[in-house]
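Structural overview
Chain residues, written in single-letter form:
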Amino acid sequence: MMHIEEIMEFLPHRYPFLLVDRVTEVEKGQSIVGYKNISINEPFFNGHFPGKPIMPGVLIIEAMAQLSGILGFVTVDRKPSDGVIHYLAGSSKARFKRPVVPGDQLRLESRFISDKHGIWKFDCRALVDDKVACVAEIMTAEREV
């Protein structure tokens, strides 16, 4: 299990763009499970949408990419402090199945598919109460900084 202090060692993101609160399972080179707690205090709810707050889909994709980046780092035993970063390089096959709203706990799942020349591919899901909110294939680019 990774708490926020360890997560921050693997992700360069900070408020308001750090979108992984906890990691509960990691199988190096295989899969990872983490969580994002959705609070009405999230800054994006001010404008998306007033009176009917819904987490933007692009931020759900970003949360899955951040979790996937952690899996990539763990798999090769590296961290951003080693001078490398995982950038979101693409997403495909994204489908949104239900809205994510304040009070939800977003379960993020990522499964490693491949790594070719520093381009990593992951099969991802985001769930709320065991119901799929989003699925997508996520690509990250591992690059030196």
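These numbers come from a predicted model, not from an experiment. (Residues numbered from 1 in each chain as written. Predicted model: local features only at pLDDT ≥ 70, side-chain atom pairs only at ≥ 80, totals over all residues. Heavy atoms only, no water.)

Inspection of the entire model under this criterion finds 10 salt bridges. Of the charged contacts, one joins Lys79 and Glu9 as a salt bridge, the two residues approaching to 2.6 Å between their closest N and O atoms. With a gap of 70 residues between them, Lys79 in the loop between α2 (57-75) and β3 (84-96) and Glu9 in helix α1 (residues 4-10) connect regions that are remote in the sequence. Assessed through its relative accessible area of 40%, Glu9 is described here as partly exposed. The closest approach of N and O atoms between Glu137 and Lys93, which form a salt bridge, is 3.6 Å. Here the residue Glu137 occupies a position in strand β6 (residues 131-144), and Lys93 occupies one in strand β3, the gap between them amounting to 44 residues. Since its relative accessible area comes to 15%, Glu137 is described here as buried. (Salt bridge = Lys/Arg side-chain N within 4 Å of Asp/Glu carboxyl O. Helix = DSSP H or I, 4+ residues; strand = E, 2+ residues; numbered from the N terminus. Buried < 20%, exposed > 50% of the residue type's maximum accessible area, 1.4 Å probe, protein only.)

Attention shifts here to the state of the cysteines. All told, the structure shown has 0 disulfides when counted by the stated rule. Among the cysteines around Cys124, which has no disulfide bond, Cys134 carries the closest sulfur, lying 8.8 Å off. Take Cys134: its relative accessible area is 0%, and that puts it in the buried class. (Disulfide = S-S within 2.5 Å.)

Let's shift gears to the pairing of strand β2 (residues 31-37). By the criterion of burial, β2 is predominantly enclosed, with 5 of the 7 residues buried. Here strand β1 (residues 22-27) pairs with β2 via 5 bridges, running antiparallel. Each residue of the ladder has a partner; that of Val23, found in β2, is Gly34. Following β1, the chain reverses through 3 residues before pairing antiparallel with β2; Gly29 in that reversal takes a positive phi of roughly 75°. (Pairing = 2+ DSSP bridges.)

The subject of this paragraph is α2. An ideal rise of 1.5 Å per residue puts 27 Å on 19 residues; α2 measures up with 27 Å between its terminal C-alpha atoms. The buried fraction of α2 is high, at 16 of 19 residues. One or two positions beyond α2, positive phi appears at Asp77, with a value near 55°. (Expected span 1.5 Å × (residues − 1).)

Turning next to the UniProt feature "active site" (unreviewed entry) in the protein. Under the local residue numbering, the UniProt record ascribes the feature "active site" (unreviewed entry) to His48. Note on placement: His48 falls in the loop between β2 and α2. Given the relative accessible area of 22%, His48 is considered partly exposed. (UniProt positions renumbered as here; feature names shortened; annotations may be inferred.)

Along the polypeptide, Gly83 turns up in the loop between α2 and β3. Separated by 62 residues in the primary sequence, Gly83 and Val145 place their C-alpha atoms 5.3 Å from one another. Beyond its immediate chain neighbours, meaning those up to four positions away, Gly83 contacts Arg143, Glu144 and Val145. (Contact = heavy atoms within 4.5 Å.)

Moving on, we get to the sheet that holds strand β4 (residues 105-116). The antiparallel open sheet is built from 6 strands, whose spatial order is β1-β2-β4-β5-β6-β3. Strands with a single pairing partner mark the edges of an open sheet, and in this sheet they are β1 and β3. The mean angle between the axes of side-by-side strands here comes to 25°, regardless of whether they run parallel or antiparallel. Sheet topology places β4 next to strand β5 (residues 119-128); 9 bridges connect them, and they run antiparallel. Note on β5: the bridge partner recorded for Phe112 is Phe122. (Axes fitted to C-alpha atoms, helices over the stretch in contact; angles between N-to-C directions.)

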